Amino acid sequence: MKPVPDSRGYFGPYGGRFVPETLMAPLAELTAAWQEARRDRAFRRELAGLLATYCGRPTPISHAARLTRHLGGAQVFLKREDLCHTGAHKINNAVGQCLLARRMGKVRVIAETGAGQHGVAVATAAALFGLRCRVYMGTEDERRQALNVFRMKLLGAEVVGVDAGSRTLKDAINESLRDWVTNVATTHYVLGSVLGPHPYPLMVREFQSVIGSEALLQIRAQHRSLPNLVVACVGGGSNAAGIFSAFVPHRHVELVGVEAGGRGTRLGEHAARFAGGSPGVLHGTRSYVLQDQDGQVSPTHSVSAGLDYPAVGPEHAYWHDSRRVSYVQVADREALDAFHLLSEFEGIVPALETAHAIAYVARVAPRMASAQAVLVNLSGRGDKDVVEVARLEGVTL
Amino acid sequence: MSGRIDKAFARAGKAKRAAFIAYITAGDPAPARTVVLARALERAGADILELGVPFTDPIADGPTNQRAAERALAQGTSLPGVLGIVRELRYSSELPVVLFTYFNPVHAYGLARFAVDAAAAGVDGVLFTDVPVEEAGAAHAALRRVGVELVLLLAPTSTRERVKAVRKLAGSFVYFVARAGVTGARATLEEGLEEQVRLVRRLTKTRVAVGFGVSTPDQVARAARFADGVVVGSALVERIAELGDAPELPGEIEALARSLAIATRRK
Ligand SMILES: Cc1ncc(COP(=O)(O)O)c(C=O)c1O
């Protein structure tokens, strides 16, 4: 069997490197530097040390007892990435890539951000390592994640609003790629999800796979067996890839990725790439893309900035086609309900992204037996969303 | 067919000029104006027309071309429309046309069908901004079958191995990105550009056109001394943006293009 991905970064027909020529040599250099670093015991030790003493890993698995009782079916377990430093799984990748950037002699890092969690994570890691940091963020996302914009600035990062296209994550990635192509000699681009040209989808998945490796051992210890179902929300797909990667070889564990169903099923009203998209090339990689018949990328909508993106990581496209992972959609309304549900039943306010995964669990857990277990990746906490949820619900703070 | 590009370079070379390659975005300010603008550029002395296919996410372009793509998309111009524009141009002009496009519109159109339709429309070459040589095999094969050239890019960051890989697929010229970065006007030309262009020409044994950031007659004149072709885009696109659909647009573009075309003469 051919290894996945292959040496050109292809997961079956998905992935690859579709970027301007200027970035090709830097991508090759990045691939080589990363391959070397991951084989270097000192690098691995330093990363593991930082994950433990700075990021707060391992994160626990919590048994959601009241939620389980309320849903009346499978036992619900939560992998608590919300307890990571900065409040989401994004720090795992940010620390890994910034460590690599320092090793490569880069003095400046840039990042795109949607929900602001990746931007905050990179600003944090940059402060930790003394790197200059600039974060691109769509102006619509700046509005709905204002708290994170200020956090990034507190951390010493420069935040640049992107007022083009849909003013969301997609446009922030466009601007980051333009910056990188211009400043590639001094700058490392810390991509925040399993997206973009090779080696990013593979490298980000590997930095995030710590979630799955921990969870596999923890759930065995706490539940005495593997879960029947693992659920994660899928924006670009990094928290999902991080937890799924450990369970993919265990064929009897069902894996479900949850996309943003938004407010309707028409193109432009959602970010359901697997329901409404088709194969295409965006941001350097071939994957499922929401686009019109002329190959123009369509606008998307989700209540959650982190899921509001028209493409998806190429490995997810591969998992989708090979049917190893199923992808489902959860609408804005359902996600908002789940936001309240988890807050009230478990005392955990989830990120709106994560609330999509919780909503799916609320849908399926009641149909499962109480001896069965569902493991959800609780990718982040919802502090950043409190103001926006209040606004959506007509509450003035 | 691809002979037109070759002939254009040969004609310019014989006249002791670098070929003048003029870029505009198809459909900007309106689809109906593109043929008129192309004819104006031809009258001004353009040897090759580089026609941008508007795309929603132009990661290789600076603000000037991004705005142009937005205007063209707002006018409903997409790849099928661009092929229609070239077809129409061919009634009145033999100006060689190179499409400057992102891959996704072509991917959605279907590579094989695109190649056939592009050739039938009278397209001479296709340049993909985001398809490096490693990914270019299928496009090269599809275009070759119908006699359309694949135009490959090289950049200051390209390694020797990459330059050599490009040589294997290159047509009558390669496009050298004058500076690491996106399209757009810049104050100066990069130092060391001349040596880089000479090296690329030697390694690829192909003509080299220089573009990205060349926008004034002065910059054109300097690049023309050592490059086989000089591409000017943003300067023209900026002027189109300023004038919009004004009646004087073609005349103004012709005048601007003429000042650039004259600068391609080697003294
Ligand atoms: C808490 C949280 N979960 C999920 C996501 C979605 O990203 P990914 O699919 O890469 O995990 C984000 C992105 O901003 C996030 O902040």
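Residues numbered from 1 in each chain as written. Chains lettered and ligands numbered in written order. Predicted model: local features only at pLDDT ≥ 70, side-chain atom pairs only at ≥ 80, totals over all residues. Heavy atoms only, no water.

Draft legend 1. Local environment of the overall build of chain A. Of the regular secondary structure elements, chain A holds 15 helices and 14 strands. Its C-alpha atoms give chain A a radius of gyration of 19 Å, within 12% of the compact-globule value 21 Å for 397 residues. In chain A, 74% of the contacts between residues at least 6 apart in sequence involve partners at least 24 apart. Accessible surface, chain A as shown: approximately 13,600 Å² in total, 53% of it carbon and sulfur. Positive and negative side-chain charges in chain A, numbering 43 and 37 respectively, have mean positions lying 6 Å apart. (Helix = DSSP H or I, 4+ residues; strand = E, 2+ residues; numbered from the N terminus. Rg over C-alpha atoms; globule rule 2.2 N^0.38 Å. Contact = heavy atoms within 4.5 Å. Areas by Shrake-Rupley, 256 points an atom, 1.4 Å probe, with all protein chains shown as cover. Lys, Arg positive; Asp, Glu negative; His and termini not counted. Charge placed at Lys NZ, Arg CZ, Asp CG, Glu CD.)

Draft legend 2. Broad picture of the pattern of salt bridges. Residue and element names in this part refer to chain B. Across all of its chains, the model carries 49 salt bridges over all chains by this definition. Ionic pairing is found between R17 and D47, a salt bridge with its closest N-O pair at 3.0 Å. Linking R17 in the loop between helix 1 (3-14) and strand 1 (19-25) with D47 in the loop between helix 2 (31-44) and strand 2 (48-52), this pair joins segments that are 30 residues apart in sequence. Using a relative accessible area of 16% as the deciding quantity, one classes R17 as buried. Between D28 and R71 there is a salt bridge, and its shortest N-O distance comes to 2.8 Å. With a gap of 43 residues between them, D28 in the loop between strand 1 and helix 2 and R71 in helix 3 (residues 63-74) connect regions that are remote in the sequence. (Salt bridge = Lys/Arg side-chain N within 4 Å of Asp/Glu carboxyl O. Buried < 20%, exposed > 50% of the residue type's maximum accessible area, 1.4 Å probe, protein only.)

Draft legend 3. Structural view of the site of the ligand. Residue and element names in this part refer to chain A. Neighbouring the ligand are 18 residues, the closest being S193, G235, G237, S238 and S379. One nitrogen or oxygen atom from the side chain of H89 is found 3.0 Å from an oxygen atom belonging to the ligand. The backbone of G236 places a nitrogen or oxygen atom 3.3 Å from an oxygen atom of the ligand. Relative to its unbound accessible surface of 390 Å², the ligand loses 97% to contact with the protein. Here the residues of the shell around the ligand sort into 4 nonpolar, 12 polar and 2 charged. (Near = heavy atom within 4 Å. Polar contact = N/O pair within 3.5 Å; in protein donor to acceptor, adjacent residues only side chain to side chain. Nonpolar A, V, L, I, M, F, W, Y, C, P; charged D, E, K, R; others polar.)

Draft legend 4. Structural context of the nonpolar core. V109, I243, F244, F247 and L375 of chain A are the most contacted members of the largest nonpolar core, which totals 95 residues. No other element matches helix 9 (residues 200-223) of chain A, which puts 10 residues into this core. Beyond its immediate stretch of four places on either side in the chain, F247 of chain A contacts G212, A215, L216, I219, L226, P227, V230, V253, L255, R324 and L375 of chain A. Core analysis: the second largest hydrophobic core is formed by 80 residues, F18 of chain A together with V200, V230 and L249 of chain B among them. (Core = buried A, V, L, I, M, F, W, Y, C linked by side-chain atoms within 4.5 Å.)

Draft legend 5. Looking closely at unusual backbone geometry. Omega for the peptide link from R57 of chain A to P58 of chain A comes to -5°, which places this bond in the cis form. In this fold, P58 of chain A is placed in the loop between helix 2 (41-53) and strand 3 (61-63). A cis geometry characterises the amide bond from D28 of chain B onward to P29 of chain B, with omega recorded as 5°. Secondary-structure assignment places P29 of chain B in the loop between strand 1 and helix 2. Positioned with a positive phi, R167 of chain A is a non-glycine residue whose angle comes to about 60°. Tracing the chain through its elements places R167 of chain A in the loop between strand 7 (158-162) and helix 8 (169-183). Overall, the relative accessible area of 34% leaves R167 of chain A in the partly exposed class. Positioned with a positive phi, F212 of chain B is a non-glycine residue whose angle comes to about 75°.

Nothing here speaks to function; it is all geometry.
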